[in-house]
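Below, each chain spelled out in residue letters.
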Amino acid sequence: MKHLTLSAALFCATALPAFAASEAWEAISRELYGDRALLDGTSVIAIDAPYRTFEDSRTALAAQIIAPSDTQVRKVTVVLDENPMPVSAVFDLDTPQASFYFDVTMRINGPTPLHVVAETTDGRIFVSEAMVKTSGQGACAAPPGTDPDVALATLGQMQIEVGDALPGVAMGKLASLASRLNRMDLDISHPSHSGMQMDQISLLFIPMRYVETVDIDLDGAGFATMTGSISLSENPRVGLSVPRSTQMVDVTMTDTDGTVAKAQKTLPGY
């Protein structure tokens, strides 16, 4: 993925009128937020998404959010307007952050607007938009890419990596914030069945089963919970920013069948 670099304009959020919305987004946003004001997030949220997907069934989407100086990021929602399950991932931050970065591999079922919504601790809601075009593979109904028996045998296995490289670092406020952040990457072994895929032998639909929640604890305390959907790719990969002071990461994954898996990473020197 080509990572974006944020400009100084990111740091001067103002309450601008939200941009013209598609019919699907109007319905989704009304269902999610009712009559709450949706503010233009151009100066708060920078989205990194391909103009056209290279692989519809596994497309990396990312965003960096810098909260206005008088508040912090509390919740981030990723919406693929035209996907069968539009609310595709939600990051609830147990510990609100001045800045937050995420990336996640998604299925993109067809050409769709992408909305990233950031809620701040003072109750404001900021929205940024991008358009993602696809190659027409119909990713949510595409057959699984791995052998079903192998997928079940490895389901729930997770790999955690924590490194120094936080993408998109620019001059100014972000550089200062990034100096206090590391990047955590989580690879989850899971078939992420959408319920729309057909078994190629029996020709029966494979029951829906996907990663429902991923709870991330840092140094023994709650940090963030990601709620997933059928939009998550097979064997999804999730990256997010964590404080540089982090010494231990605990992850608990729960899927829609009730399977619970755990993983832990202790950094050297802890």
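**Structural notes on helix 1 (residues 23-33)**
For helix 1, the full list of buried residues reads Trp-25, Ile-28, Ser-29 and Tyr-33. Along the long axis of helix 1, the arc covered by the buried residues comes to 100°, so they all point the same way. Along helix 1, exposed side chains directed more than 90 degrees from the buried face belong to Glu-23, Arg-30 and Glu-31. If you follow the buried residues of helix 1, they end up packed against strand 4 (73-80), strand 7 (112-120) and strand 8 (125-132). Following helix 1 by one or two positions, Gly-34 has its phi on the positive side, about 60°.

**A few points about the environment of Ala-130**
Here Ala-130 is to be found in strand 8. Leaving out residues up to four positions away in the same chain, Ala-130 has contacts with Ile-47, Thr-112, Pro-113 and Leu-114.

**Observations concerning the sheet that holds strand 6 (residues 99-106)**
Here we have six strands laid out as an open sheet, ordered 2-3-6-13-10-9, and antiparallel in their pairing. Edge positions in the sheet fall to strand 2 (45-48) and strand 9 (158-163), since each of these pairs with one other strand and no more. Each strand axis lies, on average, 15° off the axis of its neighbour in the sheet, ignoring direction. Of the pairings in the sheet, the one linking strand 10 (residues 181-188) to strand 13 (residues 237-243) comprises seven bridges and is antiparallel in character.

**Quick look at the packing of aromatic side chains**
Aromatic ring pairs are described here by two measures, namely the spacing of the ring centres and the angle between the planes. A complete count under the given rule lists two aromatic pairs for this structure. Taken together, Phe-91, Phe-100 and Phe-102 form an aromatic cluster joined through their ring pairs.

**Let's talk about the pairing of strand 12 (residues 221-227)**
Note that strand 5 (residues 87-97) and strand 12 share four bridges and pair antiparallel. Paired with Phe-91 across the two strands is Met-226, which belongs to strand 12. As paired strands, strand 11 (residues 211-218) and strand 12 are joined by six bridges and run antiparallel to one another. Bridge assignment links Val-214 to a residue of strand 12, and that residue is Met-226. The turn joining strand 11 and strand 12, which pair antiparallel and follow one another in sequence, is formed by two residues; a positive phi near 50° is taken by Asp-219.

**As for the pairing of strand 7**
Burial of strand 7 is extensive: nine of the nine residues sit out of reach of the surface. Residues Thr-112, Leu-114, Val-116, Ala-118 and Thr-120 point to one face of strand 7 and Pro-113, His-115, Val-117 and Glu-119 to the other, with burial holding for every one of them. For strand 4 and strand 7, the ladder comprises seven bridges, and the chain directions are antiparallel. Within the sheet, the bridge partner assigned to Leu-80 lies in strand 7 and is Leu-114. Sheet analysis places strand 7 next to strand 8, joined by eight bridges and oriented antiparallel. Bridge pairing links Leu-114 to Ala-130 in strand 8.

Rules used in this analysis
Residues numbered from 1 in each chain as written. Predicted model: local features only at pLDDT ≥ 70, side-chain atom pairs only at ≥ 80, totals over all residues. Heavy atoms only, no water. Buried < 20%, exposed > 50% of the residue type's maximum accessible area, 1.4 Å probe, protein only. Helix = DSSP H or I, 4+ residues; strand = E, 2+ residues; numbered from the N terminus. Arc of directions from axis to C-beta. Contact = heavy atoms within 4.5 Å. Pairing = 2+ DSSP bridges. Axes fitted to C-alpha atoms, helices over the stretch in contact; angles between N-to-C directions. Phe/Tyr/Trp six-rings, centres within 6.5 Å; stacked < 30°, edge-to-face > 60°.

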